[in-house]
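Now for the letters of each chain:
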Amino acid sequence: MTGRETMSSFKLGLGILWPACWTALPIKMAFAMLFMAMGTIHLETKLGITFLMLLMSPVSVFAFFVISLGVGFHFGEGVGLPLLFLVSIPVDIWALGLVARTVFLERLRLEPPDSLGVALWVRFAVAGALYLPLLWVIEGGATDLARSIVKSILDMDMLKGLPVAERIGLEFTAWGSVSLLVLIALTYIGLSILGKLVEGKAAAAQPAGDNYQGLISRWDMIRVPADQSLMLTAFTAAGAVLSIVFWMVLPVSTPHPHECCKPATVAPAPPFDPQKSLSKGEKVLKDAEVKIAALEQKTAEDEKEKSKGGKEKAGAKDSSAKSEGKPSQATAGKPAGK
Amino acid sequence: MQPKLKSTVRCTDGEVGEVRRVIMDPLSHEISHIVVGGGTAALVERQVPMGQVQGVTDEVVTLRGTSAEFTALPAFKRDEYVTTHEVEIAHLEERIHVTPGEVLVPFPELERSVKRRTFFANFTHAIGFLIGFPLAFPVLRYLMKPMYSPFDNDWLKIGNSSKIKQDDVGVQFKYKRKIKEAYMPEQEIDKNVWVLKATPKVLETIYQGKDMEFRDSAGKHIWTNKKDVPYIAYSGKCPHLGCGFKWRTHKTLGQVFLCPCHLSIYDAAGKVLDGPAPRPLDPLPIKVTATGDITIIDMEFKAGTKAQVRIV
Amino acid sequence: MDTTTQPTTTQPSVIEKVFDFVDERVGLKTLQAKMLNEPVPGGSRWAYVFGSVLLFIFIMQAVTGILLMFYYVPTADHAYASTQYIIHSVDYGWFLLSYHFWGSTAMVVCVFAHMSQVFLWGAYKKPRELIWLVGLALFGIVMGFGFTGYLLPWDQRAYWATTVGVEIMDKTPVLGDFMARFLKGGATPGQMTLSRFFVIHVMVLPAALMGLAGLHLFLFRKAGPAGPFRGSVEEIKAKTDYFFPRQIWKDIVGMVAVFLAICSLAFWEPIVLLEEATPDPGDYHPEPEWYFLFLFQLLRLKVFAGEFGQFLGAIALPGIFMALLAALPFIDRDPERNIFKRPIALISWIVVMASILIFTVAAIINREFLE
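To start, this report covers the structure provided alongside it.

Definitions and limits used
- Residue positions are given per chain, counting from 1 as you read along its sequence in written order.
- A letter from A marks each chain and a number from 1 marks each ligand, given out in the order of writing.
- Only residues with pLDDT of at least 70 get local features here, since the model is predicted, and only at 80 or more are side-chain atom pairs given and counted; chain-wide, interface and lining totals rely on the full set of residues.
- Numbered from the N terminus, helices here are DSSP runs of H or I no shorter than four residues, and strands are runs of E no shorter than two.
- Remark: residues whose backbone-derived C-beta atoms lie within 7 Å of one another are considered to be in contact.
- Burial is judged by counting other C-beta atoms within 10 Å of a residue's own C-beta: 20 or more means buried, 12 or fewer means exposed, and anything between counts as partly exposed, with every C-beta placed from the backbone.
- Ten residue types, Ala, Val, Leu, Ile, Met, Phe, Trp, Tyr, Cys and Pro, are classed as nonpolar, four, Asp, Glu, Lys and Arg, as charged, and the remainder, Gly among them, as polar.
- Strand pairing requires that DSSP identify at least two bridges connecting the strands.
- Each axis is a line fitted through C-alpha atoms, and for a helix only the stretch in contact is used; angles between axes span 0 to 180 degrees, taken between their N-to-C directions.
- Each angle gets one of four labels, with under 35 degrees taken as roughly parallel, over 145 as roughly antiparallel, 65 to 115 as roughly perpendicular, and the rest as oblique.
- Each crossing gets its hand from how the near helix is turned against the far one by less than a right angle, where anticlockwise is left-handed and clockwise is right-handed.
- Residues of type Ala, Val, Leu, Ile, Met, Phe, Trp, Tyr and Cys that are buried and joined through C-beta atoms within 7 Å form what is called a nonpolar core.

Another aspect to go through is the overall build of chain C. Broken down by element type, chain C carries 14 helices and two strands. Taking the intrachain contacts of chain C between residues at least 6 apart in sequence as the baseline, contacts between residues at least 24 apart amount to 78%.

Set out below in structure tokens:
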């Protein structure tokens, strides 16, 4: 008969927070994507920081605001972010409750007290609001310090000749390891604090009477909803609605067109300008007349040359030049065409 | 030995029934219980853990304890179990030997001759081989067709030597080369070479006292660059990774060929002064006519190798 | 017995009749039971979903890939234009192409997750050695998919990443030149290369993947799930449930999560091509896709400079590593599967993952240092 598991505070804290975050995540992601699609969230650092915040949100729901206001870190714009955290509250309470009851039954062999989810959420949120900003400042400070120290080491004369690729790798590994170790230590402490909070609730709890298989079956059945058809219908309906919203929001053509294929900006057709088209027509007619006159002149001169035998070429040229000048002057005098 | 179905079950004080069913543990793949019915057990089948079994023979299973102790055993609940046909547990059926006999199917008369079986089996293998084998060669040739295309050794006119004003100074000559790849329409691609009018000292460094011979893959002679011809044409691709390089003034090394990709530096003789280049610049066959027209055979060499291997 | 009541015979419904018809011919009921009622020792786990998720991603890639083939043309003079046509002119083409692109990233991530899970759970040990070997072959195929698919848009990024990649392959001694020419279809990359990469990406690799994945699943079924690496027999038995519906439920939640993640990425970070490929790289610095970046950065180290150095870093080292992975079930014969009791395994995994991460990040940082 397997006995009660001896759990350190750290293990207890981790054993509840980790599954609770993952359990709540799919529901929160759906809301996050909805808010993003509605344009109410604009993130500074895109996915990374949001994911982290969502993952931790039973503890970060207040800490988020403390960090934004107190430390002055700018997460992003938009009413969607605080709205997302607001929506996370009931989801997290539910997830924490489910996971905590499972842990109480299976690993602690205790009867879960009533409203365990709410009780733990309140404790976690307050602890997070106090601890996370602290973690943020310490981790940030340690990272900055590590980076500057490593940079100054690598700037030393004897290491100046280090090739670029090696330098980048060494630098990143050096300050990265320090930063990671600090983060691990701080996380360990944080989770132990959470574990202690859980132990506080566990101290007052009654031992669960069932045998091992009975306990397993109990937490297993918690996961089956009381009203299956309602749950399934609601879920499917919500999914179908979100899919339709997605179809409405999805642009048909790419939101980032390439230089090659920008959609042709159709210039409005220029309005019909009578003056313009008339003067255009006049010009065409003028050009045509000049050409015809020149042709007539040419054929006349050719005949003259043939008859004269080509003696007075200069004279013929002069006269042809003069006569060429005449028709255009004559036509210029004519009034504009009808 | 595993208890057989239908074998008699005996307690210390007499028969209690027969083995009706056998229950296996899905994790250990061993028999965990037998279900005993019939006989004095009559209406209630009882589940007997194997720990209670003292001995097993083909016909009899002997239990420890008395009939009274037997009747104290829990009743068998059929709906807590499924047959091995209704569940997939790896290798479970191989561990079961509870049938008191075998189920057989007759061997066809024609298949009883071992000589016959082995002959047809081997013949099948032979035919299979003969289907695949002749195809291997044509398929390989088919796939390899474009891999080793012969080189185009035509002379291309790239410009005139009057463009070169100074000795030992790199001058870029740009030209177009017509390329026809398989069935694709003929394309003209832009290429360039760097031509140098070399002084005897530089020529000596390049030629090392020998004329430069160019041969094709079969070893047939294509052209020889005579060592006293002062014009040198270098392929425009850097021998490191094929980037196009330039002629620049370096702050300490003077006038050099410099590749911007990974900063390989070569002097006028094409020798590597700095950077990751594995070999000096590649000279090409060059002909200069009396009127100064420069023609070359356009060649490309594999990048990144110490040895000079022609690929185009 | 009350003799006044009539024995009620319920007529089977139409569906039941059809089911019985098929069952009589196929043994459907038994088949269904065998397929679905597989006990998972220790219970279904979220850690086990990656295999099924990989299968799902592959199917989605095949579907989006086939859709793309309705418009894509694999010739050097049309590849770029047809890809741009899909992105700009075909309804939702940009979304489908981006889905296909991000799907390939998801596949590589899940392959690493799946391999890590199998390694950490010691599920490569006896009797599962063959599953592990087939899995390694599948890993190679997935990398091959990424490599061959990358070339198809025929923009600068695609063309040059492939050129550099194939040149690296050339460094293999003896066979390198032959293999490089085979892939390129000649001495230099061109139309022949595109045709070959297309055939490999669209026919050869999918056939190989489907065959080997089938074998992988078959071998897995034959050996049975390994289950958790710790826990008493009683604990394991108490938590055991069936593949259907429990593990399948977790698998499908995993699938929908990955599906939504890929859709989101496709929506918010769609594919944008660079200019069409040219034989001269110009100012463009060639770079492979992100899951090859660590190798790319490794080759920049001075210790791997020169011809032999490049061969060492690009071929020898990765080759030795893969050979080590293949030999793993035969070297590590200790039946212990608890990762916390296998320090060498745990530390090796951490070191390998950390190294890949460090080199990948270093490659990204290194972009700013390129002249």
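What follows concerns the overall build of chain A. Along its length, chain A carries ten helices and two strands. Along chain A, helices (α) and strands (β) appear in the sequence α-β-α-α-β-α-α-α-α-α-α-α when read from the amino end. The proportion of buried residues among the 338 residues of chain A is 19%. Look at the contacts in chain A between residues 6 or more apart in sequence, and 83% of them connect residues 24 or more apart.

The next thing to look at is the interface of chain C and chain B. With 33 residues of chain C in contact, the opposing surface of chain B contributes 25 residues. For the side of chain C that touches chain B, the secondary structure elements donating two or more residues are α2 (28-36), α8 (176-184), α9 (191-223), α10 (233-239) and α13 (306-331) of chain C. Here the side of chain C that touches chain B gets five residues from one element, more than from any other, and that element is α9(C). Residue composition of the side of chain C that touches chain B, by class: 13 nonpolar, ten polar and ten charged.

With that out of the way, let us pick up the sheet that holds strand β12 (residues 231-235) of chain B. What holds strands together in a sheet is hydrogen bonding between their backbones, with the strands either parallel or antiparallel. Residue and element names in this part refer to chain B. In spatial order, the strands read β8-β9-β12; together these three strands make up an open sheet with antiparallel pairing. A single partner strand is all that each edge strand has here, and the edge strands are β8 (171-179) and β12. The mean inter-strand angle of the sheet, taken between neighbouring strand axes irrespective of direction, is 35 degrees. Bridge analysis of strand β9 (residues 187-197) against β12 gives five bridges, and the strand direction is antiparallel. Looking at β12, one finds that tryptophan 194 is bridged to tyrosine 234.

With that settled, the discussion passes to the interface of chain A and chain C. If you look at the interface, chain A gives 25 residues, while chain C gives 29 residues. Taken together, the elements giving at least two residues each to the side of chain A that touches chain C come down to α1 (9-37), α6 (164-203) and α7 (212-222) of chain A. When residues of the side of chain A that touches chain C are assigned to their parent elements, the largest contribution, seven residues, is made by α6(A). Tallied by class, residues from the side of chain A that touches chain C come to 16 nonpolar, eight polar and one charged.

Residues and elements named next belong to chain B. Pairing is antiparallel in the open sheet, where three strands are placed in the order β7-β18-β17. The outermost strands of the open sheet, each flanked by one partner alone, are β7 (155-160) and β17 (286-288). Between one strand axis and the next, the sheet turns through 25 degrees on average, direction left out of account. Note: β17 against strand β18 (residues 293-297), three bridges, orientation antiparallel. Within β18, the position partnered with lysine 287 by the bridge is threonine 295.

Looking now at the packing of α1(A) against helix α4 (residues 80-106) of chain A. All names here are of chain A. Where α1 contacts α4, the two axes come as close as 8 Å, and the packing angle between them is 150 degrees. Considered as vectors, α1 and α4 are oriented roughly antiparallel to each other. Taken as a pair, α1 and α4 cross one another with a handedness that is right-handed. Classifying every residue of the contact of α1 with α4 by side-chain character gives 19 nonpolar, four polar and two charged.

All names here are of chain B. Where strand β2 (residues 14-24) and strand β3 (residues 31-38) come together, six bridges link them in antiparallel fashion. Residue pairing across strands places glutamate 18 opposite glycine 37, the latter belonging to β3. Remark: six residues form the turn of the hairpin made by β2 and β3, two consecutive strands paired antiparallel; histidine 29 in that turn has positive phi of roughly 65 degrees.

Moving on to the pairing of strand β6 (residues 60-63) of chain B. Residues and elements named next belong to chain B. Here β6 shows one buried face, formed by Val61 and Leu63, and one open face, formed by Val60 and Thr62. As paired strands, strand β5 (residues 53-56) and β6 are joined by three bridges and run antiparallel to one another. In the sheet register, glycine 55 faces β6, and the bridge partner there is threonine 62. Two successive antiparallel strands, β5 and β6, enclose a turn made up of three residues.

Right, let's get into the environment of Trp268(C). Residue and element names in this part refer to chain C. Of note, tryptophan 268 is situated in helix α11 (residues 243-268). With 14 C-beta atoms counted inside 10 Å, the residue tryptophan 268 sits in the partly exposed group. Considering only alpha carbons, one finds tryptophan 268 and glycine 282, 14 residues apart in sequence, at a separation of 30 Å.

Take unusual backbone geometry next. The step from Lys126(C) to Pro127(C) runs through a cis peptide bond, and the omega angle for that step is 0 degrees. On the secondary structure map, Pro127(C) appears in the loop between α5 (93-120) and α6 (129-151). Following Phe244(C), the chain continues into Pro245(C) via a peptide bond in cis, with omega recorded as 0 degrees. Secondary-structure assignment places Pro245(C) in helix α11. Located in the positive-phi region is Ser115(A), a residue other than glycine, with phi close to 50 degrees. Checked against the element boundaries, Ser115(A) lands in the loop between α4 and α5 (116-154). Non-glycine residue Tyr92(C) carries a positive phi angle of around 60 degrees.

This next bit is on the nonpolar core. By size, the foremost hydrophobic cluster in this structure holds 42 residues, and its most contacted members are Val53(C), Leu54(C), Ile57(C), Leu97(C), Ala106(C), Met107(C) and Cys110(C). For this core, the secondary-structure elements that each account for two or more residues are α3 (50-69), α4 (79-88), α5, α6, α9 and α11 of chain C. The element best represented in this core is α5(C), accounting for twelve residues. Residue contacts for Ala106(C): discarding those within four places in its chain leaves Ile57(C), Val258(C), Ala261(C) and Ile262(C). In this structure, Leu17(A), Cys21(A), Ile93(A) and Leu215(A) belong to the second largest nonpolar core, which totals 35 residues.

All names here are of chain C. Most of α4 sits inside the fold, with seven of its ten residues counted as buried. Turning to α4, its buried residues number three or more, namely Ala79, Tyr80, Ser82, Thr83, Gln84, Ile86 and Ile87. For α4, the elements touching its buried residues are α3, α5 and α9.

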